Amino acid sequence: MPRARPVLTKVGAQYVLFYSLGSYGGDGYQTSYATSASLAGPYTKAYRSLLTTDSVNGTVRGPGGADVVRDPAGDHLVFHGWINNYSARGMYVAALAWSGGFPVVRGSRVRTEAERGTLNRCAIRNTTTASQGQAVAYIDYADSWVQLSVFAPRAGAYTVYVAYAAGFGDAQHTLTVNGGSPTTVNYPNTGWETWRQVPVDVTLAAGTNTVRLTFLSRWAELDYIEVA
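Calculation rules
Residue positions are given per chain, counted from 1 along the sequence in the order it is written. Residue-level local features of this predicted model are given only where pLDDT is at least 70; pairs of side-chain atoms are given and counted only at 80 or more, and the full residue set underlies all totals for whole chains, interfaces and linings. Heavy atoms from the whole structure form the basis of all side-chain values; hydrogens and water molecules are not counted. Here a strand is any run of E in DSSP of at least two residues, a helix any run of H or I of at least four, and the numbering for each starts at the N terminus. Radius of gyration means the value over C-alpha atoms here, while the globule rule gives 2.2 Å times the residue count to the 0.38 power. Between two residues, a contact is recorded if the distance between any of their heavy atoms is within 4.5 Å. Accessible surface is estimated by sampling points in the Shrake-Rupley manner with a 1.4 Å probe; for residues, cover comes only from the protein chains shown. The residues that make up patches have over 30% relative accessible area and no salt bridge, and they are joined within 9 Å when like-charged or within 5 Å when they are Val, Leu, Ile, Met, Phe, Trp or Tyr. Within this document, salt bridges are pairs made up of a side-chain nitrogen of Lys or Arg and a carboxyl oxygen of Asp or Glu, the two lying within 4 Å of each other. Burial here depends on accessible area, computed with a 1.4 Å probe over protein chains only, as a share of the maximum for the residue type. Under 20% is buried, over 50% is exposed, and the range in between is partly exposed. Here a cavity denotes grid points, spaced 1 Å and computed from the protein atoms alone, that fit a 1.4 Å probe unable to get out, and a pocket denotes an open set having protein on both sides within 12 Å along at least 5 of 7 lines; residues with an atom within 4 Å of a point are the lining. Grid points are joined across faces, edges and corners, and a volume is the space filled by probe spheres set on the points. Residue polarity follows a fixed list, in which Ala, Val, Leu, Ile, Met, Phe, Trp, Tyr, Cys and Pro are nonpolar, Asp, Glu, Lys and Arg are charged, and the others, Gly among them, are polar. In this scheme Phe, Tyr and Trp rings, the latter by its six-membered ring, pair at centre separations within 6.5 Å, and the angle between planes marks the pair as stacked below 30 degrees, edge-to-face above 60, and tilted otherwise. A positively charged side chain is recorded as over a ring if its NZ (Lys) or CZ (Arg) lies within 6 Å of the ring centre. The angle to the ring normal must also be within 35 degrees. UniProt positions are given in the numbering used here, feature names are shortened, and annotations may be inferred rather than shown by experiment.

Asks: How should I be thinking about the overall build of the protein in this particular structure?
Replies: Helix and strand counts for the protein stand at 0 helices and 19 strands. For the protein, whose C-alpha radius of gyration is 19 Å, the value lies close to the compact-globule estimate of 17 Å for 228 residues. Along the first, second and third principal axes, the C-alpha atoms of the protein reach 55 × 40 × 35 Å. Of all intrachain contacts in the protein linking residues separated by at least 6 positions in sequence, the fraction that spans at least 24 positions is 59%. Of the roughly 10900 Å² of accessible surface on the protein, 52% is carried by carbon and sulfur atoms.

Now the structure itself:
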């Protein structure tokens, strides 16, 4: 089966090696990366792939064969994906930026675990049903909130996907970006330990942004957010 060649670039003091993996013939083909402080390695693989069919919400099927275009006006990732019912590969281009030397591609979901954020009047709870084995619980008071840092490759419109569980009826949080006006996030009842996602449309600045989720009504726990 055809395989794309790996691509190596340097960002600051760190080397970033892009490579393809998975079954070439379908949606399982994807792009990931590994990093090293030395050209000769060793390289550490990313915990999650950079581009998958799921991470781009199916807009590209089997994204692989990535190459990097470095430009002072803004970097881009060029890659290919299946078209015409998997009979041919088409070319795609997406904005690329670097968060602490790690690649972030616009349009591909990046997950941030809720328990890694700043917590106010709530607490981390261990549970085998949640991503990474932990969730944020007891977001039960007017001053209970979870604040997370997210990175946007370019300024513009994005979607925040909030993974939650609500077990005592429908619940609500408010969501703010960089301290701006609040948006109400509605959590339909799922039952505890049953995690679902709700999408929230936001506007992000280029670079690092803060997303805060604050108690509004009833009770919901947070697992993670994904931004794309």
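Asks: Hey, could you run me through a nonpolar patch on the surface in this one?
Replies: Side chains of F168, W192 and W219 sit close together on the surface and give an oily, nonpolar patch of about 310 Å² of accessible area. Residue position: W219 is located in the loop between strand 18 (207–217) and strand 19 (221–227). Here W219 falls in the partly exposed class, since its relative accessible area comes to 35%.

Asks: Is there a simple way to explain the layout of surface pockets in this structure?
Replies: Any empty space left between atoms is shown by rolling a water-sized probe over those atoms. Taken as a whole, the largest pocket spans an internal volume of roughly 840 Å³. Along the walls of the largest pocket sit 34 residues, with Y33, R48, V110, R111 and T112 positioned nearest its centre. Contributions of two or more residues to the lining of the largest pocket are made by strand 3 (30–36), strand 4 (44–45), strand 8 (102–105), strand 9 (110–113) and strand 13 (145–152). Residues that form the lining of the largest pocket fall into these classes: 16 nonpolar, 11 polar and 7 charged.

Asks: Help me understand the packing of aromatic side chains in this model?
Replies: Centre-to-centre distance and the angle between the planes together describe a pair of aromatic rings. Within this structure, the stated rule accounts for 9 aromatic pairs. Ring centres 5.2 Å apart and planes at 65° place the aromatic pair Y24 and W82 in the edge-to-face group. Here the residue Y24 occupies a position in the loop between strand 2 (14–21) and strand 3, and W82 occupies one in strand 6 (residues 75–83), the gap between them amounting to 58 residues. For the pair Y24 and W82, a shared accessibility class is recorded, and that class is buried. Every member of this aromatic cluster is reached through a ring pair, and the members are Y24, Y29, W82 and Y86. The ring of Y141 carries R121 above its face, with NZ or CZ at 3.9 Å from the centroid. Cation over ring: R212 sits above W145, and NZ or CZ is 3.6 Å from the ring centre.

Asks: How should the UniProt feature "domain: CBM6" (unreviewed entry) in the protein be read in this particular structure?
Replies: Annotation from UniProt places "domain: CBM6" (unreviewed entry) at residues 110–228. Annotated as 0% helix and 61% strand, the span residues 110–228 places its first and last C-alpha atoms 7 Å apart.

Asks: In this structure, what is going on with the pattern of salt bridges? I would like to understand it.
Replies: Pairs can form between side chains of opposite charge once their charged atoms are near each other. Following the criterion strictly, the structure yields 9 salt bridges and no others. Between R5 and D67 there is a salt bridge; the shortest N-O distance is 3.1 Å. In this pair, R5 is assigned in the segment before strand 1 (7–11) and D67 in strand 5 (residues 61–69), connecting sequence segments 62 residues apart. You can call D67 partly exposed: its relative accessible area is 28%. With a shortest N-O distance of 2.9 Å, R125 and E193 are connected by a salt bridge. Highlighted residues: R125 in strand 11 (residues 123–126) and E193 in the loop between strand 16 (183–187) and strand 17 (196–204), separated in sequence by 68 residues. When salt bridges that share partners are traced, they join R48, R109, R111 and E226 into one network.

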